[in-house]
Amino acid sequence: MLLIGPAGSGKTARVLGELEAALGRGEPARLIVPTASMAEHLQHQMARGGLVVSPRTILPLAAFVAHLTPDCRELSPALEILLVERALARAAAGEFAAMAGYPGFHARLLDTMHEFWAAGAQTEQLKSILREPPAGAFARVMAEFEALLREAGAVHRAARLRLAADAAQKEKFGAVFVDGFFNFTPVELELLRAVAGAAEKIVVTLPDSGADEARRALLEMGMPEQRLAHSQRPRLAPVIVQAATPEREIEHVAGRILADHQQTGRPFQEYGIILRAPEVYGPIVDTVFERLGIPFRSRWPLPLDGHPSIRFLAGLLKLADTGFDGEETLEVLKLAGSGIGFSSEMDRYEFRLRAALPGQGLEFLHVQAANLARVEAKLHQLGKLAAWAGETLPPDTWAQRAAELARAWFHPPKIEDSVSHEKALAWRRLAQALQAWAGAAEDAAEALRLEGVERASLQRFRAALEAVLRLTLLRAPDRRRNVVQVLSVYEARQWELPVVFVCGLVEKQFPRYHSQNLFFPDAPRRRLAGSGLRLRTSADLDREERFLFDLATTRATEQLYLTYPAHDDAGAETLRSFFLEEWKDRVVAAERVRVKEPPPDWRPAPGCLRDPDLLRELVPKEEPFSPSSLEQYIQCPFQFFAARTLDLKGPPVRPDERIDERVKGDIIHRTIARWTTQGGDIAPVFAQAFEEACATGGIRINLQAEAMRIELLRDLERFAKDQSARGLAVGFRPGQPESRFLYVVEEAGEEPFRVTGRIDRYEVSDSGAAVVVDYKYSSPARVQKLVEEHQQGFRLQGPLYLLGLERQMGHVPAGMVFYGLRGEASRRGWYVSGLGFGDPVLLEQSPQEFRVMLDRAAASTLELVGRIRRGRVEVAPRDRQVCREFCPYRPVCRVDL
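This structure is a prediction, so every number in the text was calculated from the model and none was measured.

Calculation rules
Residues numbered from 1 in each chain as written. Predicted model: local features only at pLDDT ≥ 70, side-chain atom pairs only at ≥ 80, totals over all residues. Heavy atoms only, no water. Helix = DSSP H or I, 4+ residues; strand = E, 2+ residues; numbered from the N terminus. Buried < 20%, exposed > 50% of the residue type's maximum accessible area, 1.4 Å probe, protein only. Contact = heavy atoms within 4.5 Å. Areas by Shrake-Rupley, 256 points an atom, 1.4 Å probe, with all protein chains shown as cover. Lys, Arg positive; Asp, Glu negative; His and termini not counted. Charge placed at Lys NZ, Arg CZ, Asp CG, Glu CD. Phe/Tyr/Trp six-rings, centres within 6.5 Å; stacked < 30°, edge-to-face > 60°. Lys NZ or Arg CZ within 6 Å of the ring centre and 35° of its normal. Disulfide = S-S within 2.5 Å. Pairing = 2+ DSSP bridges. Axes fitted to C-alpha atoms, helices over the stretch in contact; angles between N-to-C directions. Parallel < 35°, antiparallel > 145°, perpendicular 65-115°, else oblique. Left-handed = near helix turned anticlockwise from the far one by under 90°. Salt bridge = Lys/Arg side-chain N within 4 Å of Asp/Glu carboxyl O.

Participant: Quick question: what am I supposed to make of the overall build of the protein chain here?
Facilitator: The number of helices and strands found in the protein chain is 33 helices and 25 strands. Within the protein chain, buried positions represent 49% of all 897 residues. Nonlocal contacts in the protein chain, meaning residues at least 24 apart in sequence, comprise 75% of its contacts between residues at least 6 apart. Of the accessible surface of the protein chain, which amounts to about 43,200 Å², a share of 51% is contributed by carbon and sulfur atoms. Charge separation in the protein chain, taken as the distance between the mean sites of 116 positive and 120 negative side-chain charges, equals 2 Å.

Pasting the structure below:
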């Protein structure tokens, strides 16, 4: 019998009812579904209804075929893709040479070959049909691929289906039910024809649209047709939700689930999320749901080389092969597989090693691990791999070594009672990943054998293994029940859940726009239909999108939510799916997630330390303040506390990343200080300063460093040509460059304190008037903002420099100049009228106005030091843009930006 009906019409319920009835009568019966996860889901569904069935009763099509053809061998998908590369070379398919280097090309070529085989294509037939390039080259590659499969003693999936059809004719089946398929290929129809001839009863379900050819073929087999015209329940009116971004969209979904769960007590297993684009939304769901503590289960595989344990093991082989580079060794040891990745010893080792980089070799690594026993033990364990780089071994021996490597570094966990679901799941995923690692090593060895390689170096084996890891998917088991089900739209076809969210409803995601096949566009496909090869066109795939949408929106039994973002992650506006047009007047805005409402009288307490001993430690009397530290406190008290009081430091940056703004400023200041004293050409002075900075900072001379060198030299040469670079005004003589100043504050009733700093340059007139110059490697706009922030009281550097010269040397403050050098030379600041110094690009102030600015800065300094000494350390950023761009302590303070 052929059951035809739309999504939600009850086809699966009808099949399960007949299956239960047959099993209840003791009759042999089995149900065939598309995937293993669907088979498992239906087994659990029947068990919850009181009927426990054997795994052989409900099984995926692949398992059914394997049962019929136990002596057939299929290669793993990764090995098949590697064989495609060899087939291309053997077929001399130069037509594909320009594309062969692009990621995913070989996989797409293999998919197209499988599509032809599934349509019933034979190689000899294709050679006679496909003659013109590039079709002729495609046929040659298919022929070579089949030859390589024969050499390996394997078959492709369509060939195995044909063999299964031959075997099925010799079997005797009871009742056979086939459910959950959208369509059937011609080769799958051959198998169904054979099963129908050997079965006492067969029931096949199909949707009412998009499977016309398969329906016609099944009717020609003599199957009677029954139509289920209407859905078993009324179509639910959905709630349409618009969010700002995909992340806000999933946060809203999570918030609704939490709110409904807390209000109704509904278990998490009764919520489902259906995604058309799991590659886009899957990582977002993982991040948001883990952050909010919502148990969930994703049902799609992930790349094997993305699992931390696999990255660790592959990293070990790379270290052995390449000589234990310092940076790469650090990255490997920081992974969880090392056993010390999250230890305090590893933190200390990271600081030491990064400061000593660049470096390579086990001896270099051991020097930095002095007195770090756990790190030294791991380095000794790494040393056992050092000899591998010089060995040439059979591929199977390398595969055995790779498996032994996993056993040496990963030990079975100690089984404990009452462990959490999360911990048990992590153990299970690790075991699955390590098992997949051993399988990948065997596949890599087989790939080498298929190439005729009898002995291989570690480098050769590692290249094959990394290719297999990249092409292999990891399906980690997760059999928890009370979890939110996160499903692809294909996986959702046999699920029904009370509350369902269909996410990502924007054009190009749902519905997807299907481009024409890379190798065979629509026009050749239509011509091939005349030769009996029916291949789906892009129009067929586009029509399937509507069916998938109808399927997704009929999975909910109580409440349906359809959600979409107004903008993508980059901020570009999206186009809402045209599937939502009939409900366009029912859109509601997404709400921000609030996991737990605070009490009405809740107020955040200001951060403040009150313990007398702690307060004494905040500001040791002998330690001076600096203008930059006080400005840091103005920006955020907690940033000052983390940087100055706790002295928190991140690990030293890598050699390739050490060219930062601090290094640029140091080179600029060092060059100008020497040049203003020595005179002459500024280029050789800069060259010396640049070399010194690279040597002392361990900076690796690469393209980035060379680009920085050219940029800095260009800006310095432009500065040197500026007339004001050597002197600001007639009658003013330069003081000592890079001079330190001391500003002592002694107020009645207060502990005295000092402010000290280094002045880039200052000039003094005969009358004692002083002008301070501060060089900034900044653009004119940034220098102008700096001046404005001084006027607003957010900056203290300029006034404190002048107050220091006044109190320490008795000079009269006459002006402050900030000299910007990036892009073009620019000067901004103030000068005091009547003191012999003037500059038309600076702001003119009277002595009284300038004194007000200095006094305000002095009062502000006194107030800031008082707040610091009183222990005010709250998270209170003045400019959140500074937090986003520059603050390294955001992971600690967790300020909401």
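Participant: When you look at the environment of Val 375 in this model, what are you seeing that I'm missing?
Facilitator: Structurally, Val 375 is set in helix α17 (residues 373-383). We classify Val 375 as buried; its relative accessible area is 0%. Sequence-wise, Val 375 and Ile 340 are 35 residues apart; in three dimensions their C-alpha atoms are separated by 7.4 Å. Those residues in contact with Val 375 that lie beyond four places of it in its chain are Ile 340, Glu 345, Met 346, Tyr 349 and Ala 369.

Participant: When you look at the packing of aromatic side chains in this model, what are you seeing that I'm missing?
Facilitator: When we look at a pair of aromatic rings, we describe it by the centre distance and by the angle of the planes. Tallied over the full model, the rule gives 30 aromatic pairs. A centroid spacing of 5.0 Å and a plane angle of 35° characterise the contact between Phe 181 and Phe 184, whose relative ring orientation is tilted. Across this residue pair, the class does not change: Phe 181 and Phe 184 are buried. By way of ring pairs, the aromatic residues Phe 510, Phe 549, Phe 578, Phe 579 and Trp 583 are connected into one cluster. Over the face of the ring belonging to Phe 794 we find Arg 878, whose NZ or CZ atom lies 4.2 Å from the ring centre.

Participant: Would you mind showing me how to read the state of the cysteines here?
Facilitator: Two cysteines form a disulfide when their sulfur atoms are joined by a covalent bond. Taken as a whole and judged by the stated rule, the model has zero disulfides. In this model Cys 636 remains outside any disulfide bridge; the closest cysteine sulfur is found in Cys 883, 5.9 Å from its own. Take Cys 636: its relative accessible area is 5%, and that puts it in the buried class.

Participant: Sorry if this is basic, but what is going on with the sheet that holds strand β17 (residues 587-589) here?
Facilitator: Pairing within the open sheet is parallel, and its seven strands lie in the order β9-β14-β8-β15-β16-β7-β17. Of all the strands in the sheet, the pair left with one neighbour each is β9 (296-298) and β17. The average undirected angle you get between the axes of adjacent strands in this sheet is 25°. With four bridges connecting them, strand β8 (residues 271-275) and strand β14 (residues 484-488) associate as parallel partners. If you follow Gly 272 over to β14, its bridge partner there is Gln 485.

Participant: It is not clear to me how helix α24 (residues 627-635) should be interpreted in this structure. Could you clarify?
Facilitator: An α-helix turns once per 3.6 residues; consequently, residues spaced three or four apart project the same way. With eight of nine residues buried, α24 is to be regarded as a mostly interior element. Among the residues of α24, Pro 627, Ser 629, Leu 630, Glu 631, Gln 632, Tyr 633, Ile 634 and Gln 635 are the ones counted as buried.

Participant: Could you clarify how one ought to interpret the sheet that holds strand β5 (residues 199-207) in this entry?
Facilitator: Each strand in a sheet pairs with its neighbour through backbone hydrogen bonds, running either in the same direction (parallel) or in the opposite one (antiparallel). If you walk across this open sheet you meet the six strands as β3-β2-β4-β5-β1-β6, and the pairing is parallel. The open sheet has two edge strands, β3 (58-60) and β6 (225-227), and neither has a second partner. If you compare each strand with its neighbour and ignore which way they point, the axes differ by 20° on average. Where strand β2 (residues 29-33) lies against strand β4 (residues 173-178), four bridges are found, and the strand directions are parallel. Paired with Ala 29 across the strands is Ala 175, a residue of β4. Sitting on the sheet, helix α1 (residues 11-24) is in contact with β1 (2-5), β2, β3, β4, β5 and β6, with an inclination near 155° to β2.

Participant: Would you mind showing me how to read unusual backbone geometry here?
Facilitator: With the exception of glycine, the majority of residues adopt a negative phi angle, and the majority of peptide bonds are in the trans configuration. Of note, the amide linkage connecting Leu 357 to Pro 358 takes the cis form, showing an omega dihedral of 0°. Considering the arrangement of structural elements, one finds Pro 358 in the loop between α15 (344-356) and α16 (362-368). Of note in this structure, Asn 371 is not a glycine but carries a positive phi near 70°. Within the secondary structure, Asn 371 sits in the loop between α16 and α17. The class of Asn 371 is exposed, set by a relative accessible area of 75%. Not every positive phi belongs to a glycine, and Asp 647 is a case in point at roughly 55°. Relative to the helices and strands, Asp 647 resides in the loop between α25 (637-645) and α26 (661-678).

Participant: Which parts of the structure should I look at to understand the packing of helix α19 (residues 421-450) against helix α20 (residues 458-471)?
Facilitator: It is at 8 Å that the axes of α19 and α20 come closest, and there the two elements cross at 120°. On the basis of their axis angle, the class for α19 and α20 is oblique. The way α19 lies across α20 gives a crossing that is right-handed. Residues Trp 437, Ala 440, Ala 441, Asp 443, Ala 444, Ala 445 and Leu 448 of α19 lie in contact with α20, whose contacting residues are Arg 460, Phe 461, Ala 464, Leu 465, Val 468 and Leu 469.

Participant: Quick question: what am I supposed to make of the pairing of strand β15 (residues 497-503) here?
Facilitator: Successive side chains on a regular strand alternate, one facing one side of the sheet and the next facing the other. Of all seven residues in β15, seven are buried, a share of seventy percent or more. The sheet contact formed by β8 and β15 spans five bridges and is parallel. Bridge pairing in β15 links Gly 272 to Val 500. Bridge count between β15 and strand β16 (residues 556-565): five bridges; the pairing is parallel.

Participant: Could you clarify how one ought to interpret the pattern of salt bridges in this entry?
Facilitator: Between side chains of opposite charge, pairing is possible as soon as their charged atoms come close. According to the stated counting rule, one finds 57 salt bridges in the structure shown. One salt bridge connects Arg 525 with Glu 115, and the closest N-O pair in it is separated by 2.7 Å. Of the two residues, Arg 525 is situated in helix α21 (residues 522-529) and Glu 115 in helix α5 (residues 105-118); the sequence distance between them amounts to 410 residues. Accessibility expressed as a relative area gives 3% for Arg 525, which makes it buried. Judged by its relative accessible area of 26%, Glu 115 falls in the partly exposed class. The closest approach of N and O atoms between Arg 449 and Asp 396, which form a salt bridge, is 2.3 Å. Pair noted here: Arg 449 is in helix α19 and Asp 396 is in helix α18 (residues 395-409), with a separation of 53 residues, a long-range link. Look at Arg 449 and you get partly exposed, because its relative accessible area is 38%. Shared partners join several salt bridges into a network, and the residues in it are Asp 260, Arg 266, Glu 270 and Glu 558.

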